[in-house]
Amino acid sequence: MRETEAVADARRYMEICNGCRYCEGFCAVFPAMELRREFAAADLSYLANLCHNCMGCFYACQYAPPHEFGVNVPRAFSLVRAESYEQYAWPAPLARAFQRNGVVVSLVAAASIALVLILVTALQSPEALYAAHPVLPGAFYAVIPLWIMQVLGLVTFLFALLALAMGGANFWRDTGAERVGAGAVLRALWDVLSLRNLGGGGHGCNDRDERFSMTRRWLHHAMFYGFFLCFAATCTGFVYHAFLGWHAPYPLLSAPVVLGTVGGVLLIVGTVGLFAMKLIGDPAPAARRLLGADVALLMLLALTSLTGLVLLALRGTGAMGIALAVHLGFILALFLLLPYSKMVHGVYRSLALLRNAAERRGVPENP
Amino acid sequence: MVDLTRGYDVLVAGGGNAALCAAITARQAGCSVLLCEHAPRAFRGGNSRHTRNLRAMHEKPNSVLTDAYLEDEYWDDLKRVTGGNTDENLARMTIRASSGVFDFMQQCGVRFQPSLTGTLNLSRTNAFFLGGGKALVNAYYLAAERIGVDILYDTEVTALHMEDGVVRSASLTKNGYPETVSARCVVASAGGFQGNLQWMREYWGDAVDNFVIRGTPYNRGRILKNLLDQGVAPVGDPTQCHAVALDARAPKFDGGIATRLDSVPYSIVVNRDGDRFYDEGEDVWPKRYAIWGRLIAQQPDQIAFSLFDAKSVRLFMPSIYPAIKADSIEGVAAQLGLDAAKVARTVAEYNAASPGENFDGSKLDGCSTQGLTPPKTNWARKIDTPPYYGYPLRPGITFTYLGVRVNERAQVLMEDGRPAGNLFASGEIMAGNILGRGYLAGFGMTIGTVFGRIAGKEAAAHARN
């Protein structure tokens, strides 16, 4: 991790926090901080990625601005996290995508939709595109040939997985690889699935002010589990197609459609809710500079989901062709942007939790 | 919008823990309540915002405290630290009441956490607030707003106008403008006067220029002085204050807990002239940290320097300021602005008197200097392993002991011993009744919570009578 202004701020705050320690009960960050005396840039990258941005420590802080110490851990860690995404990105030349990430995400999304629409009109006749296809197996492929869907989907997705893995490896090496046992993996997995550290010690986050609330945690759960239900829908669809010979579109009560619909609705609820919270949230502990990247990703997820639901509603009509193309355009953008948007926080946060679970082995828990 | 012409049942002067407990309790009893906090919202809560726990009696383990802590043990602890400078009736009543505060606190949204790392010795006796005192203060303000306590920030109660032992009206300064408000009852919870350097100067002279005030600059003692000037009975030694050793680079006010230094027992401490002046290893640090503020205040220029070597650097909590570091003790001394040759001689004399063995930082190890004045009676390991380190130390004032005398109903007593008609007090402004000397961790918050509740209840009963 490079030395930057945000890293220097975070270090100064951690040195003050380490002399105070009142926030120990909020989350994993402060107990992890207490295992250290000096804070190298890589340590701060680890702590910043461990931080879930619940804001509990900001509102509880006797040294928060306007105090002359001006301690603002959530903001400093948000900035360090954003810098760490750029630092660990693979391949390195694409790291610049994180510099103006809101713009990049928006442009890639627009370009992806345009590309799919151009491909569709170039490869298919207008009749096929605008015809009302009956909801019968293979109807989608009349609009977009199956091989294009498969090649584009698989190539971009596999590349995204590779890039995420390489970024994760960079993070793990930089922050000091830790020996990991099965217990640590289970504990980290539970931390990821439950968002335990968004609980402020079980009381929730300070979403808007000094009050504690579970809203943000539930919205993130809706988004997270909605996303994975959609992913499960895709996987069952793949199994149906490849192994059972059943071809999309699937009936309304089939597993892929039910999973996708429920997941899509949850994803919209979560992303729109989180977006609304950004609008009404207290700007004091937030990093204004990162709002673009945050909002762009939330909107990308929401629109991917929304266009999927629109496609479901229009699939027997002449609008299906365009709806399908737009939906696939969003999915293409999402795959392309997985390693170059705030989506990467999932990888680094999970690895930070894993590292935390591993390094806490042997450290007695507080009674 | 707060309407000051209406008159209130209860006026609470102050905005810390005790004031909030009084205001909420009086409001819950059905009174109209106005709370005036001198500080702006960002710095609300007086010194409570720097606290972290509350000492509570309990008969069996509960959700926040382990084991049991019974009245007699609590009383013994208090008697020991105050040297008997307390009022047994009030003290025992406070101790007993401390076991019943949790329901109230939790109803108000105060949250607790396990005893902080490094404070396991307190897990049986002290309940820690999740996020510390500012989080507690936040919870109380939210609770007070929710039930309809009128709250004014940037508003100092400057005078309570008494006639025949009854408060007739109060003068305020609200956002810099003078106002008058009337109330049937008043609860004075405006803290001590350690934030008022002018007043401190009366007892300490120009030494106060070298004092650091650990807490809020808004504790000016204005109401305390105003009441004492109107025939209210004083309690506590006006010249005394609780003082600890702080990093000399701490801000003049409001540095809170993070600026304290725990290096003393693992170091030697020299004054401006490079001389040692007190046994650094007299007892375990939790029992001795509170005498070092006074010791330093008595040294020339009220400054001292803690010197140690690489062996000791990790034995105590880190400071928020980097230690001065050099490869020789002369180098450290020079950077600290000391006479390097003189400090080197002091260290050499100490090293010659050190037994150099049997060091054990976890207990009183009896590793004592031989034939040195003053001696260092524990942890007297040689200072001989580079790099060497030093911290500059100043006295850090936590609170003052002077207060107003009260009875067990939190009524303020006049010099003739009779209670004032409609005036109650809670918190630091009356803590000297119970804590006349010394300190017991978390006991200030106990007094504030217990007496805040009593004052609120009694004021409400009086106002609605």
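1. Side note on the overall build of chain B
- Of regular secondary structure, chain B possesses 13 helices and 20 strands.
- The C-alpha radius of gyration computed for chain B amounts to 23 Å, which stays within 12% of the reference 23 Å derived for 465 residues, consistent with globular compactness.
- Overall, chain B is about 75 × 50 × 40 Å in size when its C-alpha atoms are taken along their principal axes.
- A burial count over chain B gives 62% of its 465 residues as buried.
- Looking at chain B as shown, the accessible area adds up to about 17,200 Å², and 47% of this sits on carbon and sulfur atoms.

2. Notes on the sheet that holds strand β4 (residues 112-113) of chain B
All names here are of chain B.
- One open sheet holds the three strands; their spatial order is β3-β5-β4, and the pairing between them is antiparallel. Two strands close off the open sheet at either side, each with one partner strand: β3 (53-55) and β4.
- Of the strands in this sheet, β3 and β5 (126-129) touch helix α13 (residues 443-463), which is tilted by about 75 degrees from β3.

3. A few points about the packing of aromatic side chains
- Tallied over the full model, the rule gives 37 aromatic pairs over all chains.
- For the pair Phe157 of chain A and Phe231 of chain A, a centre-to-centre distance of 5.9 Å together with 40 degrees between the ring planes defines the contact as tilted. One end of the pair, Phe157 of chain A, is in helix α9 (residues 146-174); the other, Phe231 of chain A, is in helix α11 (residues 215-244), and 74 residues separate them in sequence.
- A relative accessible area of 34% means that Phe231 of chain A is categorised as partly exposed.
- With a centroid separation of 6.4 Å and an interplanar angle of 90 degrees, the aromatic rings of Phe238 of chain A and Phe243 of chain A are classed as edge-to-face.
- Overall, the relative accessible area of 63% leaves Phe243 of chain A in the exposed class.
- Of note, Lys225 of chain B hangs over the ring of Trp199 of chain B, and the distance from its end group to the ring centre comes to 4.2 Å.

4. Quick look at the sheet that holds strand β8 (residues 166-174) of chain B
Residues and elements named next belong to chain B.
- What the three strands build is an open sheet, ordered β7-β8-β9; its pairing is antiparallel. Of all the strands in the sheet, the pair left with one neighbour each is β7 (155-163) and β9 (177-181). Pairwise comparison of adjacent strand axes, ignoring direction, gives a mean angle of 25 degrees for this sheet.
- Bridge count for β8 against β9 is five bridges, and the pairing is antiparallel. Across the sheet, Lys174 pairs through a bridge with Tyr177, a residue of β9.

5. Structural notes on the interface of chain B and chain A
- Every contact between the two is made by 40 residues of chain B and, on the other side, 31 residues of chain A.
- Between chain B and chain A lies a buried interface of about 3,000 Å² when both sides are counted; carbon and sulfur atoms form 55% of it.
- Considering only the surface of chain B that becomes buried against chain A, Arg111, Pro318 and Ile320 of chain B emerge as the three largest contributors, covering 18% of it.
- Where chain B meets chain A, there are three salt bridges.
- A salt bridge links Arg314 of chain B to Glu38 of chain A; its shortest N-O distance comes to 3.3 Å.
- Counting the contacts that link chain B with chain A gives 18 residue pairs in polar contact (both at pLDDT 80 or more).
- When residues of the side of chain B that touches chain A are assigned to their parent elements, the largest contribution, five residues, is made by helix α5 (residues 133-147) of chain B.

6. A short note on the domain arrangement of chain A
All names here are of chain A.
- Examined at the domain level, chain A breaks down into domain 1 (5-88) and domain 2 (92-359).
- Between the C-alpha centres of domain 1 and domain 2 the distance comes to 29 Å.
- Contacts between the two partners involve 31 residues from domain 1, matched on the other side by 39 residues from domain 2.
- The salt bridge involving Arg36 is made with Glu359; its shortest N-O contact spans 2.9 Å.

7. Here's the deal with the pairing of strand β10 (residues 183-188) of chain B
All names here are of chain B.
- Taken across its six residues, β10 has five buried, putting it largely inside the fold.
- Note that strand β1 (residues 8-13) and β10 share five bridges and pair parallel. Following the sheet pairing, Leu11 is matched in β10 by Val186.
- Here three bridges tie β10 to strand β20 (residues 419-425), and the two strands are oriented parallel to one another. Each bridged residue has a counterpart across the sheet, and for Val186 the counterpart in β20 is Leu423.

8. Remarks on α11 of chain A
Residue and element names in this part refer to chain A.
- In this model α11 runs 41 Å from its N-terminal to its C-terminal C-alpha over 30 residues, within 8% of the 44 Å that 1.5 Å per residue would give.
- If you check which residues of α11 are buried, you get Arg216, Arg217, Leu219, His220, His221, Ala222, Met223, Gly226, Ala233, Gly237, Tyr240 and His241.
- Looking at the buried residues of α11, the elements they touch are α8 (139-143), α9, α10 (182-194), α12 (255-280), α13 (291-314) and α15 (345-359).
- The positive-phi residue at the C-terminal boundary of α11 is Gly245, with phi of around 70 degrees.

9. Observations concerning the nonpolar core
- Membership of the largest hydrophobic core comes to 107 residues, with the highest contact counts inside it found for Val10, Met105, Tyr140, Leu160, Leu423 and Phe451 of chain B.
- Discounting residues that sit within four places of it in the chain, Met105 of chain B has contacts with Leu54, Val110, Phe112, Phe129, Leu136 and Tyr140 of chain B.
- Counting 94 residues, the second-largest nonpolar core is a separate cluster that includes Ile16, Leu297, Leu301 and Phe330 of chain A.

Criteria and cut-off values
- Residues numbered from 1 in each chain as written.
- Chains lettered and ligands numbered in written order.
- Predicted model: local features only at pLDDT ≥ 70, side-chain atom pairs only at ≥ 80, totals over all residues.
- Heavy atoms only, no water.
- Helix = DSSP H or I, 4+ residues; strand = E, 2+ residues; numbered from the N terminus.
- Rg over C-alpha atoms; globule rule 2.2 N^0.38 Å.
- Buried < 20%, exposed > 50% of the residue type's maximum accessible area, 1.4 Å probe, protein only.
- Areas by Shrake-Rupley, 256 points an atom, 1.4 Å probe, with all protein chains shown as cover.
- Pairing = 2+ DSSP bridges.
- Contact = heavy atoms within 4.5 Å.
- Axes fitted to C-alpha atoms, helices over the stretch in contact; angles between N-to-C directions.
- Phe/Tyr/Trp six-rings, centres within 6.5 Å; stacked < 30°, edge-to-face > 60°.
- Lys NZ or Arg CZ within 6 Å of the ring centre and 35° of its normal.
- Buried area = accessible area lost by both parts, 1.4 Å probe.
- Salt bridge = Lys/Arg side-chain N within 4 Å of Asp/Glu carboxyl O.
- Polar contact = N/O pair within 3.5 Å; in protein donor to acceptor, adjacent residues only side chain to side chain.
- Domains from an automatic or database assignment.
- Expected span 1.5 Å × (residues − 1).
- Core = buried A, V, L, I, M, F, W, Y, C linked by side-chain atoms within 4.5 Å.

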